[in-house]
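Structural features, examined
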Amino acid sequence: MLRSLEAAFPDAHCELDFGTPLDLAVAVILSAQCTDKRVNEVTPALFARYRTAADYAGADRAELEELIRPTGFFRNKATALMGLGAALVERFDGELPGRLKDLVTLPGVGRKTANVILGEAFGVPGITVDTHFGRLVRRWGWTELEDPVKVEHAVGELIPRKDWTMLSHRVIFHGRRVCHARKPACGACVLAKDCPSFGEGPTGFVEAAKLVRGPETEHLLALVADGGAAR
Ligand code: SF4
């Protein structure tokens, strides 16, 4: 399955745009209950306006809220961003720390966010258990657990540490493009022959192919047509 995922998504990556580790932390906070695409629409102006932790700590709340309003829950997110800036200034000299145990003490930064930051900004292997990751690994029978932290540890036992970050990206890509929550595209899935949940969605290629989303669609369907899936 790992090889099939690698063939399907060789270049899987974090879909949030960012420059600095601080930018990434801000983008991940904004991505709660919001698509990465929407976040990427607001961050260029945001990152141009707020460049340092001190900028967020001293932000004018109304202005900040207006900039991030399209991402939803903007009042809570503004509070988190201002709190993040203040905590970084007070405790970490304005820099984002590179350790999980420090990151999770920051406002708005849970374990999932911290793992994304570690993997992307610091090159530390991490497993990111978001809604897609949890759903898919349960469908594959890798674990039956629901709690994201327990899922993270269970999958971490199965997969070499060096592969954790890319695995996370590829699983999340597969969840967004093929293995949807309600109607997975089983008949157009490169994992079909190995997946114990094959049949949760349409198994016919033509019907399933219509459910595949994203820029890699042509590549994914070609892989399946080459014999990657049972049909
Ligand atoms: S076969 Fe179906 S359930 Fe299994 S990974 Fe593919 S799309 Fe998801």
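In this text, all values refer to a predicted model and were calculated from it rather than measured experimentally.

1. Re the site of the ligand
Neighbouring the ligand are 14 residues; C179, P184, C186, C189 and C195 lie closest to it. When grouped by side-chain class, the residues that make up the shell around the ligand number ten nonpolar, two polar and two charged.

2. Thoughts on the UniProt feature "binding site: [4Fe-4S] cluster" (unreviewed entry) in the protein chain
Mapped onto this structure's residue numbering, the UniProt feature "binding site: [4Fe-4S] cluster" (unreviewed entry) falls at C179, C186, C189 and C195. The named residues occupy 17 residues along the chain; their greatest pairwise C-alpha distance, 11.0 Å, places them in one compact cluster. Inspection of the secondary structure puts C186 in the loop between α11 (164-177) and α12 (205-209). Classification of C186 as buried rests on a count of 26 C-beta atoms within 10 Å. Setting aside residues up to four positions removed in sequence, C186 forms contacts with A192, F198, G199, E200, G201, P202, T203 and A208.

3. Let's talk about the domain arrangement of the protein chain
Under the domain assignment used here, the protein chain contains domain 1 (21-121), domain 2 (126-177) and domain 3 (186-228). Taken over C-alpha atoms, the centre of domain 1 sits 36 Å from the centre of domain 3.

4. What about the environment of I159?
Here I159 shows up in the loop between α10 (148-158) and α11. Residue class for I159 comes out partly exposed when judged on the 16 C-beta atoms lying within 10 Å of it. When residues no more than four places from it in sequence are discounted, the contact partners of I159 are W164 and L167.

5. As for the UniProt feature "domain: HhH-GPD" (unreviewed entry) in the protein chain
Mapped onto this structure's residue numbering, the UniProt feature "domain: HhH-GPD" (unreviewed entry) falls at residues 30-177. Note that residues 30-177 is 64% helix and 0% strand, and that its end C-alpha atoms are spaced 22 Å apart.

6. A short note on the nonpolar core
The biggest cluster of nonpolar side chains holds 31 residues, and the ones touching the most others in it are F133, V137, V171, A185, C189 and V190. When contributions to this core are tallied by element, the ones reaching two or more residues are α1 (2-8), α9 (131-139), α10, α11 and α13 (217-228). Among the elements that make up this core, the one with the highest residue count is α11 (six residues). Mapped onto the domain boundaries, this core takes at least three residues apiece from domain 2 (126-177) and domain 3 (186-228). Those residues in contact with F133 that sit more than four places away from it in its chain are T128, S168, V171, I172 and G175. Within the second largest apolar cluster, 29 residues are counted, among which are A53, A78, L81 and L96.

About the criteria used
- Residues numbered from 1 in each chain as written.
- Predicted model: local features only at pLDDT ≥ 70, side-chain atom pairs only at ≥ 80, totals over all residues.
- Near = placed C-beta within 6 Å.
- Nonpolar A, V, L, I, M, F, W, Y, C, P; charged D, E, K, R; others polar.
- UniProt positions renumbered as here; feature names shortened; annotations may be inferred.
- Helix = DSSP H or I, 4+ residues; strand = E, 2+ residues; numbered from the N terminus.
- Buried ≥ 20, exposed ≤ 12 C-beta atoms within 10 Å, placed from the backbone.
- Contact = placed C-beta atoms within 7 Å.
- Domains from an automatic or database assignment.
- Core = buried A, V, L, I, M, F, W, Y, C linked by C-beta atoms within 7 Å.

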